[in-house]
Amino acid sequence: MHCHPLSLCYPLRFCDAVMSLVPLKRRRRSEPVPGGTTSPAGTFPGVCVFLVERRMGRARRAFLTALAQGKGFSVTPEYSDAVTHVVSEQNSGSEVLMWIERQSSRPVEHGGAQGGPQFLDITWFTESMSVGRPVGVEPRHCLGVEEFPAACNKAPETLPYACQRRTPLHHHNQEITDALHVLAKAASFEGSEVRSLGFIRAASVLKSLPFRLRSAEEARGLPWCGGHCRTVIQEILEDEACREVEMVKISDQYRSMELLTGIFGVGVRTAERWYREGVRSLRDLQSIERKLTAEQRAGLRHYTDLQQPVTREEAVRAELLVKDALQRFLPEVQVTMTGGFRRGKQQGHDVDFLITHPDEGALTGLLKKAVDWLESKEPTSALLGGCPMNPPPFHYMGMLLYHQIKERSHGRRTASITMDGHETCFSIVALPNGDTERTGLDALSPEPVSPHGAGPEALASWRAVRVDLVVAAYSEYSYALLGWTGSKHFERELRRFSSHKKKMSLSSHRLYDTEQCCSLPATCEEEIFAHLGLQYLTPSDRNA
Ligand code: CTP
Ligand code: MN
Ligand code: MN
């Protein structure tokens, strides 16, 4: 059997071991009844019975299966599309639906007319047994499946695109969305971007719900929340953990991939290649350091610092530093903090800045000049918010520990969405600490600091922080601001909405109407939303 190198396959023993660790109330799923066979033909073509074990019990199910098979009925031990008659005892239609979806981890159609199986009470079965053939289905046999039971709890409008909904930073379903994000990551680690996006979309829908889900059933009908997603919801609500998620989290692949992709400069593809080559730890990577890119080497060197979230207070100090460097060369330069901090996050993996000026010519070369200045500068500047510094000279590098400037491409269309044609600088800055004073001479060490444990970084009065700088033309500023505020999923949805619903192409430079063949100017973000016929969302509602 072909198996993707990163597909999450577990030996049976491993599963058992995991299950004993996971505090699930209901660990067992019903198993196929021994002796149960699928004989699609049977004596009665067009009839394939599935007996629901819930409340019926395993022994009675086995007995009824044998009885029906003895009379020539086709009874299938596992739910499949071939099933025409779902028979249950003492369950409502909704309970049956949920139970099957949970067992088979997929959405189930119901109602014979629409092509799905009929959900029947045991009376249909016993009557059929007594006459020795399937009796006609009458309304009294049928189990009703209620529509969305908690109508009062339904989101007022759960529109399909994230840019049509408010998604606040703090929401009501964090445990569930965290779990879905684990599955999204695992899918992405396996190279399955489509599946990954499915989980991200489901999580994003749940983030916008104005209430806490009390059952998986309440998620029925929400966009992107199919059977798999509802299984996750149900297990978390009932058992406080989802077995699939817990297994993923402790798997070697997931843990290694998470570690490797957590290094600045390492994407999923690189991590996957390294994983296949046996790389499991940062130590393994150090032994092949010569093969790493400069970016990855910097990521490895400052791994410990970069793992530590950047606080808002640090972001503000980074802003002072960046502004100071830029203002030296262009006093009236406008610097705006974008990314997660603009959306109201209190911490992030980096600090993002958008830079502009009405005189677009003045922006040319600005980034390079500011970067050169920072590079030549010790991280001891007195202008950093007046924080107390008592530093000996900082010899071996300036305030820039790493940087890579990418020029704006002049092509009409940039191939890479990530670059989006802006002049950008992805950097690692030595941010002086706000309160602690430099201690010891370790910070003077010309040796690269160790990514393991407390290296000189821990003693130094600075710490490495990722900073992204983006220069935008003044005329395109609103589009750049919208494009670099995120979240990433919000941006993806905004572009998808523009092209699918409005026949417009949105980038961080412009909105192009492909039918009118013209670009639509905008002087603020509100105008862009208006061009798209969308209700304006403040940055704090874009945490999709
Ligand atoms: N972005 C981009 N191209 C990149 C990197 C980021 O267009 N190569 C955009 C993203 O779409 C997002 C914004 O820049 O809108 C910020 O990205 P990022 O810093 O990765 O994420 P944040 O939302 O700021 O999250 P965090 O707080 O963890 O940094
Ligand atoms: Mn960011
Ligand atoms: Mn960023």
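Our structure's up above, just so we're on the same page.
Procedures and definitions
By convention here, each chain's residues receive numbers from 1 onward along its written sequence. Each chain gets a letter, beginning with A, and each ligand a number, beginning with 1, in the order they are written. The model is predicted, so local features are restricted to residues of pLDDT at least 70 and side-chain atom pairs to those at 80 or more, both for listing and for counting; the totals for chains, interfaces and linings are taken over all residues. To obtain the side-chain values, all non-hydrogen atoms of the structure were used and water was disregarded. In DSSP terms, a helix is any run of H or I states spanning at least four residues, a strand is any run of E spanning at least two, and both are numbered starting from the N terminus. Buried residues are those whose accessible area, probed at 1.4 Å on protein chains only, stays under 20% of the maximum for their type, while exposed residues exceed 50% and partly exposed ones sit between those limits. Two residues form a contact once any of their heavy atoms are found within 4.5 Å. The Shrake-Rupley method, run with a 1.4 Å probe, gives the accessible areas here. Residue values count only the displayed protein chains as cover. Any two strands between which DSSP finds at least two bridges are classified as paired. Helix axes are fitted only over the stretch in contact, all axes being lines through C-alpha atoms; the angle between N-to-C directions runs from 0 to 180 degrees. Throughout, the term near means that a residue has one or more heavy atoms lying within 4 Å of the molecule or strand in question. N or O atoms within 3.5 Å of each other form a polar contact, as long as, within protein, one can give a hydrogen and the other can take it, and as long as residues adjacent in sequence are counted only when both atoms are side-chain atoms. Under the convention adopted here, Pro, Cys and the residues Ala, Val, Leu, Ile, Met, Phe, Trp and Tyr are nonpolar, Asp, Glu, Lys and Arg are charged, and Gly plus all remaining residues are polar. Note that the domain bounds reflect an automated or database-derived domain assignment. Metal sites are built from N, O and S donor atoms within 2.8 Å, or 3.2 Å for Na, K and Ca, and they leave out water, so they may look incomplete. For a helix, the expected span equals 1.5 Å multiplied by the residue count minus one. Just to be clear on terms, a salt bridge is a Lys or Arg side-chain nitrogen sitting within 4 Å of an Asp or Glu carboxyl oxygen.

Novice: Would you explain the overall build of the protein in this entry?
Specialist: Looking only at helices and strands, the protein has 21 helices and 14 strands in total. The buried share of the protein, reckoned over its 544 residues, is 50%. Taking contacts inside the protein between residues at least 6 apart in sequence as the whole, the part at least 24 apart equals 72%. Accessible surface for the protein amounts to roughly 25,700 Å². Of this, 53% is attributable to carbon and sulfur atoms.

Novice: Could you clarify how one ought to interpret the sheet that holds strand E6 (residues 334–337) in this entry?
Specialist: Note: strands within a sheet are paired through backbone hydrogen bonds, in either parallel or antiparallel orientation. Here five strands make up an open sheet; going across it, the order is E6-E8-E11-E10-E9 and the pairing mixed. Of all the strands in the sheet, just E6 and strand E9 (400–406) have a single pairing partner and so form its edges. Direction aside, the axes of adjacent strands within the sheet are offset by 25° on average. Pairing geometry for strand E8 (residues 351–356) and strand E11 (residues 462–471), over five bridges, is parallel. Residue pairing across strands places Leu-354 opposite Val-470, the latter belonging to E11. Along the sheet, helix H17 (residues 366–376) contacts E8, E9, strand E10 (423–432) and E11; its crossing angle with E9, the most-contacted strand, is approximately 165°.

Novice: How should I be thinking about the site of ligand 1 in this particular structure?
Specialist: Taken together, 15 residues lie around ligand 1, and Gly-340, Arg-343, His-349, Asp-350 and Gly-486 are the ones closest in. For ligand 1, an oxygen atom lies 2.9 Å from a polar atom in the side chain of Lys-345. Protein contacts shield 79% of the accessible area of ligand 1, which totals 580 Å² for the unbound molecule. When residues of the shell around ligand 1 are traced back to their parent elements, those giving at least two are helix H15 (339–342) and helix H19 (477–485). A total of three residues in the shell around ligand 1 trace back to one element, the largest contributor, which is H19. Split into classes, the residues belonging to the shell around ligand 1 amount to two nonpolar, eight polar and five charged. Three or more residues apiece are contributed to the shell around ligand 1 by two domains, here domain 4 (308–477) and domain 5 (480–541).

Novice: Can you walk me through the side chain of Ser-478 in this structure?
Specialist: Structurally, Ser-478 can be placed in helix H19. For Ser-478, a relative accessible area of 5% translates into the label buried. Of note is the side chain of Ser-478, whose polar atom sits 3.2 Å from the backbone oxygen of Thr-523. At a separation of 3.1 Å, a polar atom in the side chain of Ser-478 contacts the main-chain amide nitrogen of Cys-524. Those residues in contact with Ser-478 that sit more than four places away from it in its chain are Ala-522, Thr-523, Cys-524, Glu-525 and Ile-528.

Novice: Before we go on, may I ask you to explain the coordination of the manganese ion (ligand 2) in this structure?
Specialist: Geometry sets the ideal angles at a metal, namely 109.5 degrees for four tetrahedral donors and 90 or 180 degrees for six octahedral donors. Around the manganese ion (ligand 2), the protein contributes the donor atoms Asp-350 (OD) and Asp-352 (OD), which lie 2.0 to 2.1 Å from the metal centre. Taken as a pair, the manganese ion (ligand 2) and the manganese ion (ligand 3) lie 3.6 Å from each other and share Asp-350 as a ligand. Both residues of the pair, Asp-350 and Asp-352, belong to the buried class.

Novice: Please explain the coordination of the manganese ion (ligand 3) as it appears in this structure.
Specialist: Taken together, Asp-350 (OD), Asp-352 (OD) and Asp-468 (OD) make up the full set of protein donors to the manganese ion (ligand 3), lying 2.0 to 2.2 Å away. Donor residues for the manganese ion (ligand 3) sit on one chain with the sequence pattern D-x1-D-x115-D.

Novice: Would you mind going over helix H6 (residues 193–207) with me for this structure?
Specialist: Side chains three or four residues apart in an α-helix point the same way, a direct result of the helix having 3.6 residues per turn. Between its first and last C-alpha atoms H6 spans 21 Å; for 15 residues at 1.5 Å apiece the expected length is 21 Å, and the two agree. Among the residues of H6, those classed as buried are Ser-196, Leu-197, Phe-199, Ile-200, Arg-201, Ala-202, Ala-203, Ser-204, Val-205, Leu-206 and Lys-207. Check the buried side of H6 and you find it contacts helix H5 (174–189), helix H7 (227–239) and helix H20 (488–502).

Novice: I'm lost on the pattern of salt bridges in this one. Help?
Specialist: Here the structure, examined in full by the defined rule, presents 31 salt bridges. Close ionic contact of Glu-127 with Arg-140 constitutes a salt bridge, the shortest N to O distance being 2.9 Å. With Glu-127 in helix H4 (residues 122–131) and Arg-140 in the loop between H4 and H5, the pair connects residues that are 13 residues apart, well separated along the chain. On the basis of relative accessible area, Glu-127 is assigned to the partly exposed category, the value being 26%.

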